[in-house]
Amino acid sequence: MLTILSILLFLLSFIHFCLAVTLMGECLASALNIKKDENFNDKWLHTSVTVLIPAHNEEKVISQTLKTIIPQLKSTDNIIVIADNCTDCTVAVVENMGVKIIERQNDLLKGKGYALDFGVNYLRENPPDVVIFIDADCNVEQNAIAFLVKNTLMSKKPVQALYLMEKPMQPSGKDQISAFAFKVKNLVRPLGLYNLNQPCLLTGTGMAIRWEVLKTTNLASGEIVEDMKLGLDLAIASYPPIFCPSAHITGRLPQKEQAATTQRTRWEHGHLQTAINYVPLLIKESVKQRRFDLFILALDLAIPPLSLFVSFSIALTLISFLSLYYGIFFPFLVNAIASLLIFFGIFIAWVKFAREELTLTTLMKIPLYILWKIPLYFKFLFKRENQWIRTERDDI
């Protein structure tokens, strides 16, 4: 029994160390000088673009989103809103703004993936050159559309915008730490991969894909992180997504406790389930296709949500410390180094990207934030979220 436990501890320690090196490497690379966008030609001016916006009961927020997109489009571009099983006034709000809206009603097939597939199928008769996916509750910053289109044309790959969360007007410590964790996931780590010329994960909103690539994909699924799955499928098919730090899109952290919990549960359960399904597949395909980028993507995907990763790191280090009693020294050394790498990476991310908005005192409250998240992770083990649930919107 002791031998089996020792082998398991060695294996977990090895995985811990590999993921810690990956996280630290991404954080360290993000602190380098950001690569500048290439000097683009004017080809994009003659490119037709359609922005697809899936919307399920978004009457409170969609007009603000559209106001940030419309001024950025050329006369040859289009916006199409997909009203998916709407029971509110979303359709009327969109029509009053003069924007094209198509309606989908299906009580059996629910989820953002089905809505996006409905929109893509609508485009097949007269497809654009580039499709950009934007969520209905976002602010699309100036020139974001142009940067996305230019980058996908130049790279011939799917492109992911920088998607961050605005904090509430009077954020709690939990809100601040949550926003920081989101920034590490959606800015720091993708930026590090970008600086290392490696692919990134798709994060849902602000995704630009050329039609010739998109037309071959299948979006119709009830996956709760359909964007992540899409990006991984495209990567395996030789179209790995790349990050575009110049295109900025912001969402809003829910102010209501229940809404915040629902959102985090969907994101993190979806991430963990996708990692379980795709990490082995990515490693297999990296060997089969002889592609190092797929291996890097597998390592990036395998890193758990930040609070879970920190919890796992501390627990494994303590367990390996207890193993010293049995004369097993190596796992403790490996886990101690891995834990230091994780905390060093988080510290780099804080110094470079969050020091002005997140005090060190607040940062030290991360253990309390982790305690708040523990029930969410136990729920993954015993009552896993497997259906897409829309986050309740705040009034704006």
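Further up the page is the structure itself.
Residue positions are given per chain, counted from 1 along the sequence in the order it is written. Reporting in this predicted model follows two pLDDT cut-offs: at least 70 for local features of residues, and 80 or more for side-chain atom pairs to be given and counted; totals over whole chains, interfaces and linings ignore these cut-offs and use all residues. As a rule here, side-chain values cover all heavy atoms of the structure and leave hydrogens and water aside.

## A short note on the overall build of the protein
Formally: Secondary structure elements follow DSSP: runs of H or I of four or more residues count as helices, runs of E of two or more count as strands, with numbering from the N terminus. Only protein chains enter the calculation, and the probe is 1.4 Å; a residue is then buried if its accessible area is under 20% of its type maximum, exposed if over 50%, and partly exposed in between.
The helix and strand tally for the protein stands at 14 helices and 8 strands. Looking at the protein residue by residue over its 396 residues, the buried ones come to 56%.

## Re the packing of aromatic side chains
In plain terms, the rule: To pair, rings of Phe, Tyr and Trp, with the six-membered ring standing in for Trp, must have centres within 6.5 Å; the planes then decide the type, stacked if under 30 degrees apart, edge-to-face if over 60, and tilted in the middle.
One pass over the full model with this rule turns up 6 aromatic pairs. Judged by centre distance (5.5 Å) and plane angle (85°), the rings of Y163 and F182 are edge-to-face. Of this pair, Y163 sits in strand 6 (residues 159-166) while F182 sits in helix 6 (residues 173-195), and the two are 19 residues apart along the sequence. Pair check on accessibility: Y163 and F182 agree, each one buried. Note on F347 and W350: the rings are 5.8 Å apart at their centroids and 40° apart in plane angle, and the pair reads as tilted. Of this pair, F347 and W350 both sit in helix 12 (residues 330-353), 3 residues apart, roughly one helical turn. For W350, a relative accessible area of 8% corresponds to the buried category.

## Some words on helix 2 (residues 62-69)
Operational definition: Each direction from the helix axis to a C-beta atom contributes to the arc, which is the arc of those directions.
Among the residues of helix 2, those classed as buried are I62, T65, L66, T68 and I69. The arc that holds the buried residues of helix 2, viewed along the axis, is 160°, so those residues lie on one side.

## Thoughts on the nonpolar core
Worth spelling out the cut-off: For our purposes a nonpolar core is just a set of buried Ala, Val, Leu, Ile, Met, Phe, Trp, Tyr and Cys residues, chained together by side-chain atoms within 4.5 Å. Whether two residues are in contact is decided by their heavy atoms: any pair within 4.5 Å suffices.
By size, the foremost hydrophobic cluster in this structure holds 37 residues, and its most contacted members are V51, I53, I79, V81, I132 and I134. For this core, the elements supplying multiple residues, two or more each, are strand 1 (49-55), helix 2, strand 2 (78-84), helix 3 (90-96), strand 4 (130-133), helix 5 (144-155), strand 6 and strand 8 (242-252). Top contributing element to this core by residue count: helix 5, with 5 residues. Those residues in contact with V51 that sit more than four places away from it in its chain are I69, L73, N78, I79, I80, I132, I134 and I145. If you look at the next biggest cluster of nonpolar residues, it comprises 35 residues, including I342, I346, A349 and L358.

## Side note on helix 10 (residues 292-302)
Most of helix 10 sits out of view: 8 of its 11 residues are buried. Turning to helix 10, its buried residues number three or more, namely D293, L294, I296, L297, A298, L299, D300 and L301.

## Here's the deal with the pattern of salt bridges
Defined as follows: The term salt bridge refers to a pairing of a side-chain nitrogen on Lys or Arg with a carboxyl oxygen on Asp or Glu at a separation within 4 Å.
Within this structure, the stated rule accounts for 10 salt bridges. Note that R189 and E26 form a salt bridge whose closest N and O atoms lie 2.9 Å from each other. Taken as a pair, R189 in helix 6 and E26 in helix 1 (residues 2-30) lie far apart in primary sequence, 163 residues in all. Salt-bridge contacts for K183 lead to E357; the nearest nitrogen and oxygen are separated by 3.1 Å. In this pair, K183 sits in helix 6 while E357 sits in the loop between helix 12 and helix 13 (360-363), placing the two residues 174 residues apart along the sequence.

## Some thoughts on the environment of A315
Among the structural elements, A315 can be located in helix 11 (residues 306-322). C-alpha of A315 to C-alpha of N335: the two residues are 20 residues apart in sequence and 9.8 Å apart in space.

## A word on the pairing of strand 3 (residues 100-104)
Inclusion rule: Between any two strands, pairing holds if DSSP finds at least two bridges. Seen with the strands pointing away from the viewer, any crossover whose path from the first strand over the helix to the second strand runs clockwise is right-handed.
The pairing of strand 2 with strand 3 spans 5 bridges and is classified as parallel. From the neighbouring strand, I82 faces strand 3, where its bridge partner is I102. Of the crossover connections in this fold, the one passing from strand 2 over helix 3 to the parallel strand 3 is right-handed.

## What about the packing of helix 11 against helix 12?
We count it as follows: Note on definitions: angles span 0 to 180 degrees between N-to-C directions of axes, and those axes are lines fitted to C-alpha atoms, for helices only across the stretch in contact. In these notes the angle categories are as follows: under 35 degrees is roughly parallel, over 145 is roughly antiparallel, 65 to 115 is roughly perpendicular, and the rest is oblique. Helix crossings fall into two classes, left-handed where the near helix is turned counterclockwise from the far one by less than a right angle and right-handed where it is turned clockwise. Residue type decides the class: Asp, Glu, Lys and Arg count as charged, Ala, Val, Leu, Ile, Met, Phe, Trp, Tyr, Cys and Pro as nonpolar, and the leftover types, Gly among them, as polar.
Taken N-terminus to C-terminus, the directions of helix 11 and helix 12 make an angle of 155°; their axes are 8 Å apart at the nearest point. One way to sum up the angle between helix 11 and helix 12 is to call them roughly antiparallel. Helix-helix and strand crossings are classified by hand; for helix 11 and helix 12 the assignment is left-handed. Contacts from L306, F309, V310, S313, I314, L316, T317, S320 and F321 of helix 11 reach helix 12 at P331, F332, N335, A336, S339, I342, F343 and I346. The residue makeup of the contact of helix 11 with helix 12, split by class, is 12 nonpolar, 5 polar and no charged.

## Section: the pairing of strand 6
Where burial is concerned, most of strand 6 is hidden: 7 out of the 8 residues are buried. Pairing of strand 6 with strand 7 (residues 207-210), which is carried by 2 bridges, proceeds in the antiparallel orientation. Paired with V159 across the bridge in strand 7 is A208. In this sheet, strand 8 lies alongside strand 6 in parallel orientation, the contact comprising 8 bridges. Pairing of V159 across the sheet is with I242, part of strand 8.

## Quick look at the sheet that holds strand 4
What holds strands together in a sheet is hydrogen bonding between their backbones, with the strands either parallel or antiparallel. Ordered in space as 3-2-1-4-7-6-8-5, the 8 strands form an open sheet in which the pairing is mixed. Each end of this open sheet is capped by a strand with a single partner; those strands are strand 3 and strand 5 (139-140). Where helix 4 (residues 112-123) meets the sheet, it contacts strand 1, strand 2, strand 3 and strand 4, and its direction lies at approximately 125° from that of strand 3. In this fold helix 5 packs onto strand 1, strand 4, strand 5, strand 6, strand 7 and strand 8, with an angle of close to 150° to the strand it touches most, strand 8.

## Describing the environment of I242
Among the secondary structure elements, I242 is positioned in strand 8. I242 sits in the buried class, given a relative accessible area of 18%. I242 sits 44 residues away from Q198 along the chain, and the two C-alpha atoms are 7.3 Å apart. Non-local contacts of I242, meaning those with residues more than four positions away in its chain, are made with S155, K157, P158, V159, Q160 and C200.

## Considering the side chain of R189
The exposure class assigned to R189 is buried, which follows from its relative accessible area of 8%. Excluding anything up to four places from it in sequence, R189 contacts L23, E26, V184, D300 and I303.

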